[in-house]
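Architecture at a glance
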Amino acid sequence: MSQKKLPIDYTLLFLLFGLFSFGLLAIYSGSGQYAADDPTYFIKRQLVFIVIGLIAMMVVAFVDFELLEKWTWLFYLAGIMMLLAVEVIGIERNGSQRWLDFRFIELQPSEFMKIFLVMHISALLAKAGKYRLGFKESLFVTFKIFAYTAIPLYLILNQPDLGTTLMILFSVVGLILISSLSLKIIAIIIGTGLLGLGTVIYLFLYQIEFLETHVPSHQLARIYGWLDPQGHSQGFGYQLQQALLGIGSGQLSGSGYTDGYQVQSGRIPEAHTDFIFAVIGEEFGFIGTSLLVIFFFLLIYRIITIAFQANSLFGVYLCIGVIGLLTFQIFQNIGMTIGLMPITGLALPFVSYGGSALLTNMLAIGLVTSVHLRTKTYMFGNEESIE
Amino acid sequence: MAKKKKRTTIPIRLNVFFLFVFLLFSVLILQLGVVQILNGEEAREKLNETENTKSTIAVPRGLMYDRYGRLVLDNEPVRSITYTPPKNGDSNQTKLEIADKLAALMRMEESDEDLDELIRERDKKEFWYVYDREHRLAVQERLSEEDSELDASARYQRELDLITAEDYNMFDWSDPHLLNTVAIKKELDQAFELSAHTIKNEGVTEEEYALISENLGELPGIDAKIDWNRVRPYGSLFQSFIGNVSSSDAGIPRDNQEYYLNLGYSLNDRVGESGLELSYESYLRGRKEIIQYTTDNDGNILGTNTVREGQSGHDLVLTVDMDFQAALDEIVKDELETYINQDPYRNRFMSDALVAVLDPQTGDVLALSAAHYNRGDNEYVDEAYRTIYDAHIPGSIVKGATVLTGYQQDVIDIGTVFNDRPIKIAGTQVKKSWRDFGLINDLGALEQSSNVYMFEIAMRISGATYNYDEPLYNFDRSSFQTMRNSFHQFGLGSKTGIDLPFESTGYVGTNIQDGGLLLDYAIGQYDTFTTLQLAQYVSTIANDGYRLSPRIVKEVRETNGNKELLGPVLESYSPNALNRIAVDERYIERVQQGFRQAATDGTGRTHWANNPYNVAIKTGTAQNEFTEDGAKQYTNNLTLVGYAPFEEPELAFAIVVPRAGVGNDQNGIHHNIGNRLVDEYFKIKAEHNQGITVSEDETLADGVANTVTEEND
């Protein structure tokens, strides 16, 4: 890699800038209800976060990711320590204890943990090699992966933060699926997953008392609201119903910038953070939303391309882990505002207002960039390639 | 490494994974298409209609008329401007905008001076404070280190203190529009979320009302309403029975919220709180009209939809003749004043005179009147409610019930003679009649008001053996209950069943060990009764033993939009017989005869013998001892019951004058009131027969006989 060039992948950067623009526009419009005194308060801060994020991305990209492979356990350990710290001295907000206060900035360790875990599991899988493993070996690796995953997941679920928990689970399962583990193991994992989902649906439909006594009521309420927004229009169903109405009323071309009735009248809560997609949907219409989704898709596509080209198995897994994290966030966040998924507190990557999430997503892009910059293209294939 | 195992499927799996991600994104786009393109139009329309404002329009409450169709309780429309903040309230900025717009449409005070007086220094400071963010920042800079530590409200107070006249005088405080705006803003600040607060309801001009109504779309939370206030054409006359309604600020009673909410009331609804307004609430309230406005986002009304038609409350026609009521009030007040002034010292404990007049054949309340003397203010006031709330020792007027109880219990019969001589039970004072009559029969006993005759009845009912100055042997304590049950048939000690929300049933003595007290009970010297109960008692005797529940409301009528004319009858109340005295009619006739003789030859003859209307009466003088100023005070309750004319009774009355001074009882205030009320009644009746057509009197005797029910206490 040339020392004169900035450690940047310009395709990724272009896509990110597109997403940032969406974000800044929507934050300005959506934060109106919270920032009467200074309408630029939130975008000014978000710009600062973006700059910090870009720097963080470049710093990570500058580092040779292959050097990290042996030390992923250290990051993993640090992440666990931070999660434990949250458990003890974390700040509680809206009933969840997720934040650590560092005076100048409040960090959400679960955000970092998800990257550290992806790194660590990528390293584990890379060590297993690129060739298909036998059942016994697979079983052993799978067991290790689940053991490493279970600890942080328990701590995060306990905060409680269901959204992040599911995101990590999605990413880890994604990694397992593309790995060299035996098909039998994968069949078992998918089978277990489907069985679990089936059980939950069964319980929900026929054994609701069991769920009511074993699931926190606020999570259950979100599911109710998701299944029947009209019937629960006072609670979580209300947010969803208002968001749906707003997005729907955007129709093809939207109601015009800062002219979204639902957004500007404050009927959509958290319009600059979790529900930012509703702003875009209402004010920019289907054209805006599909453009945004395409930007996201191109971002994922670009990362997949990087993974395909990568010479290092660890690099491939890193890319897939990041894709897993991003895809889940995107699908979950957009899905919840348009009634496909229940409501959780996950932000829309690179678009929603907020420093912690942006920073970690930029770190993730930094890792991907690092993989890309260290991929050597050979004219005639090579030993290192995954092919 | 074994060759067959050296296979990698990672690229294939990567492709599958990518396909999966692609599918997820496709689902997103698909659902967006459904939400925005397919259902977008619907959402758009729904959103436009979201601003449905429901508005309820108060309907006038039912009116009340007296028995001759004269308006007793009327309504007048009152325009009011209200403000209902949204959930979580409006911001100060929004409220300022609303106040500014409203100020252009209405004035909180007519004159500029009054407006100026409304605004105090604090108001000016607060206005300056909320007017501009710069102002708030400026004040916050003036806070000292310690000030910043204060809690929110103390800190706000401190900030206000730091605002100087120089600051707020940047505004021109001689500008009426500004003063008006600030005055309105003050009202807006007092409103709670989702609850209507009245900004102005006095002196809202027609123009203001119209202007605000036209501009409601630009005034979020503001409403222009018509409310109805009660107007009383007869002033305070009979008002303690007509009762009151709550104000719209007070709304439904807080301690009975559930009940009213279940009946479909809302918190701000005005409801009857007392009297007929309360007991006939369901007829009077009417039904509010609900109108739903569909507006677009700019507040322009797209359409209106009457969700429910309104209906005015139903009107009540009362049994009372307001002329007679007014005359009676005057008589009672006049007599009380005269009597107290005759001998202020001896009458120093006297403060009330109470009268209840019923139509014995229907139970109609003809008048209820009570004058009360406020010694402190030297003032005579109308406290008519005392006729149903206050219970007094009745004295001899209950003897009709005692004699009838004697017949009923088979201890006497028509013509039974007892020897009226002093009675002495061991350990108690001698009990006797006001004169020792010697041999006296039942008729004579009523005519002359023999106590001893009543004692004999009571002792026989109790099964006791009497010997002079010995205890009452074999006294059966249950005889108290026997006597009381019998008295209940007359309404003495039981509810009269009047159509008012509350009535007192008097005080029931508890000591049933002492046989002497039973003798006291027999002559009306133990339990206490209300004036209305006494009127029902005499009315029952006058009506041949049928006890009818007294009624103030004769019928309920629908409104016809014209206050002068009564609408069609919705419900007409026929006399409601509660029970019949369980004795043969000849016994009742015997008591009636005794009452008549009391007027012509007996205790009341000096006052009643010459009365042209054939009145039957029973007099009473109850000894009323009580302790006041540290000494035992002896007074008399002067009481009188009667009815007229004797043959075909039209009115029955009970008069109670508690705590009259002892001495010259026969120069009785009760007799004067009685005579004047009977005269007045027939005089007014004659006037009505000549002039105004009296509403048709139902013939009752047959109807009553068919609806008799036994009352089981």
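Residues numbered from 1 in each chain as written. Chains lettered and ligands numbered in written order. Predicted model: local features only at pLDDT ≥ 70, side-chain atom pairs only at ≥ 80, totals over all residues. Heavy atoms only, no water.

Within an unreviewed UniProt entry, the label attached to chain B reads serine-type D-Ala-D-Ala carboxypeptidase, and the organism entered is Streptohalobacillus salinus. Its UniProt record gives chain B a comment under Catalytic activity (unreviewed entry), which states: "Preferential cleavage: (Ac)2-L-Lys-D-Ala-|-D-Ala. Also transpeptidation of peptidyl-alanyl moieties that are N-acyl substituents of D-alanine." Of the comments in the UniProt record for chain B, the one headed Pathway (unreviewed entry) reads "Cell wall biogenesis; peptidoglycan biosynthesis." (UniProt positions renumbered as here; feature names shortened; annotations may be inferred.)

If you look chain A up in an unreviewed UniProt entry, it shows as Rod shape-determining protein RodA from Streptohalobacillus salinus. Its UniProt record gives chain A the following Subcellular location (unreviewed entry) comment, quoted word for word: "Membrane".

1. What to know about the overall build of chain A
In terms of regular secondary structure, chain A is built from 15 helices and three strands. If you take every contact in chain A between residues at least 6 apart in sequence, the share linking residues at least 24 apart comes to 73%. Surface exposure of chain A reaches about 17000 Å², of which carbon and sulfur atoms provide 67%. (Helix = DSSP H or I, 4+ residues; strand = E, 2+ residues; numbered from the N terminus. Contact = heavy atoms within 4.5 Å. Areas by Shrake-Rupley, 256 points an atom, 1.4 Å probe, with all protein chains shown as cover.)

2. What to know about the nonpolar core
Counting residues in hydrophobic clusters, the biggest one holds 119 residues, and the most contacted among them are A:L292, A:F296, A:L299, A:I303, A:I320, A:L326 and A:F350. Here this core takes 17 residues from helix α13 (residues 276–309) of chain A, the largest share from any one element. In contact with A:I320, not counting residues within four places along its chain, are A:G174, A:L175, A:I178, A:I304, A:A307, B:L14 and B:F17. (Core = buried A, V, L, I, M, F, W, Y, C linked by side-chain atoms within 4.5 Å. Buried < 20%, exposed > 50% of the residue type's maximum accessible area, 1.4 Å probe, protein only.)

3. Observations regarding the interface of chain A and chain B
Between chain A and chain B, the residue contacts involve 56 residues of the former and 37 residues of the latter. Regarding the contact of chain A and chain B, the summed buried area is about 4300 Å², with carbon and sulfur atoms giving 73% of it. Counting every contact that joins chain A to chain B gives zero salt bridges. Seen at the junction of chain A and chain B, the total is 10 residue pairs in polar contact (both at pLDDT 80 or more). Contributions of two or more residues to the side of chain A that touches chain B are made by α7 (162–178), α8 (183–206), α11 (236–250), α12 (261–264), α13 and α14 (313–337) of chain A. Per-element tally for the side of chain A that touches chain B: the top contributor is α13(A), with 14 residues. (Buried area = accessible area lost by both parts, 1.4 Å probe. Salt bridge = Lys/Arg side-chain N within 4 Å of Asp/Glu carboxyl O. Polar contact = N/O pair within 3.5 Å; in protein donor to acceptor, adjacent residues only side chain to side chain.)

4. Examining the packing of aromatic side chains
Under the criterion given, the structure shown has 43 aromatic pairs over all chains. On the basis of an interplanar angle of 50° and a centroid distance of 5.8 Å, the ring pair of B:F480 and B:Y526 is categorised as tilted. Of this pair, B:F480 sits in helix α21 (residues 479–488) while B:Y526 is found in the loop between α22 (515–522) and β15 (529–530), placing the two residues 46 residues apart along the sequence. Among the aromatic side chains, those forming a connected cluster through ring pairs are A:F297, A:Y301, B:F18, B:F22 and B:F25. Note that A:K184 overlies the ring of A:F135, its terminal NZ or CZ placed 5.6 Å from the centroid. (Phe/Tyr/Trp six-rings, centres within 6.5 Å; stacked < 30°, edge-to-face > 60°. Lys NZ or Arg CZ within 6 Å of the ring centre and 35° of its normal.)

5. Focus: the pattern of salt bridges
Residues and elements named next belong to chain B. Evaluated as defined, the whole model comprises 39 salt bridges over all chains. A salt bridge links R70 to D66; the nearest nitrogen and oxygen atoms lie 2.8 Å apart. The exposure classification of R70 matches that of D66, with both residues buried. One network of salt bridges, with partners in common, ties together R61, R230, E277 and E281.

6. Brief notes about the sheet that holds strand β21 (residues 631–644) of chain B
Residue and element names in this part refer to chain B. Across the sheet, which stays open at both edges, the six strands sit in the order β11-β10-β9-β22-β21-β20 with antiparallel pairing between neighbours. Across the chains shown, the open sheet's two edge strands, defined by having one partner strand only, are β11 (379–382) and β20 (616–628). Ignoring strand direction, the axes of neighbouring strands in this sheet form an average angle of 15°. Of the strands in this sheet, β9 (352–358), β10 (365–374), β11, β21 and β22 (651–661) are in contact with helix α16 (residues 322–342), which crosses β10 at around 30°. Here helix α23 (residues 531–542) sits on the sheet and contacts β9, β10, β21 and β22; the angle it forms with β9, its principal contact strand, is near 35°. (Pairing = 2+ DSSP bridges. Axes fitted to C-alpha atoms, helices over the stretch in contact; angles between N-to-C directions.)

7. With respect to the packing of helix α20 (residues 451–462) of chain B against α22(B)
Residue and element names in this part refer to chain B. Look at α20 against α22: their axes get within 8 Å of each other, and the N-to-C directions meet at 130°. By the criterion of interaxial angle, the relationship of α20 to α22 is oblique. With respect to the hand of their crossing, α20 and α22 are arranged in right-handed fashion. Contacts between α20 and α22 involve M454, F455, A458, M459 and S462 from the former and L518, L519 and A522 from the latter. For the contact of α20 with α22, the residue count by class is seven nonpolar, one polar and no charged. (Parallel < 35°, antiparallel > 145°, perpendicular 65-115°, else oblique. Left-handed = near helix turned anticlockwise from the far one by under 90°. Nonpolar A, V, L, I, M, F, W, Y, C, P; charged D, E, K, R; others polar.)

8. As for the environment of B:D167
All names here are of chain B. With respect to the helices and strands, D167 occurs in helix α9 (residues 165–168). In this structure D167 comes out as buried when scored by relative accessible area, which is 13%. Setting aside residues up to four positions removed in sequence, D167 forms contacts with W128, R142 and L162.

9. A look at empty space enclosed by the protein
A full pass over the atoms with the stated rule returns two cavities of 30 Å³ or more. Put simply, the second largest cavity is a space of about 40 Å³. Counted by class, the lining of the second largest cavity contains six nonpolar, three polar and no charged residues. (1 Å grid on protein atoms, 1.4 Å probe; cavity = no way out; pocket = protein on both sides within 12 Å on 5 of 7 lines; lining within 4 Å. Points joined across faces, edges and corners; volume = space filled by probe spheres on them.)

10. Re the sheet that holds strand β2 (residues 96–101) of chain A
All names here are of chain A. Spatially, β1-β2-β3 is the arrangement adopted by the three strands of the open sheet, whose pairing is antiparallel. Each end of this open sheet is capped by a strand with a single partner; those strands are β1 (91–93) and β3 (106–107). Of the strand pairs in this sheet, β1 and β2 are connected by three bridges, and their pairing is antiparallel. Note that in β2 the partner of I91 across the bridge is W99. Contacts from helix α4 (residues 72–89) reach β1 and β2, with the element oriented near 105° to β2.

11. Describing the packing of helix α3 (residues 92–105) of chain B against helix α10 (residues 176–189) of chain B
Residues and elements named next belong to chain B. At a closest axis distance of 8 Å, the pairing of α3 and α10 adopts a crossing angle of 130°. The angle between α3 and α10 falls in the class oblique. Note that α3 runs across α10; the crossing there is right-handed. Contacts between α3 and α10 pair N92, K95, L96, I98, A99, D100, L102, A103 and A104 from the former with H177, N180, T181, I184, K185, L188 and D189 from the latter. A per-class count over the contact of α3 with α10 returns eight nonpolar, four polar and four charged.

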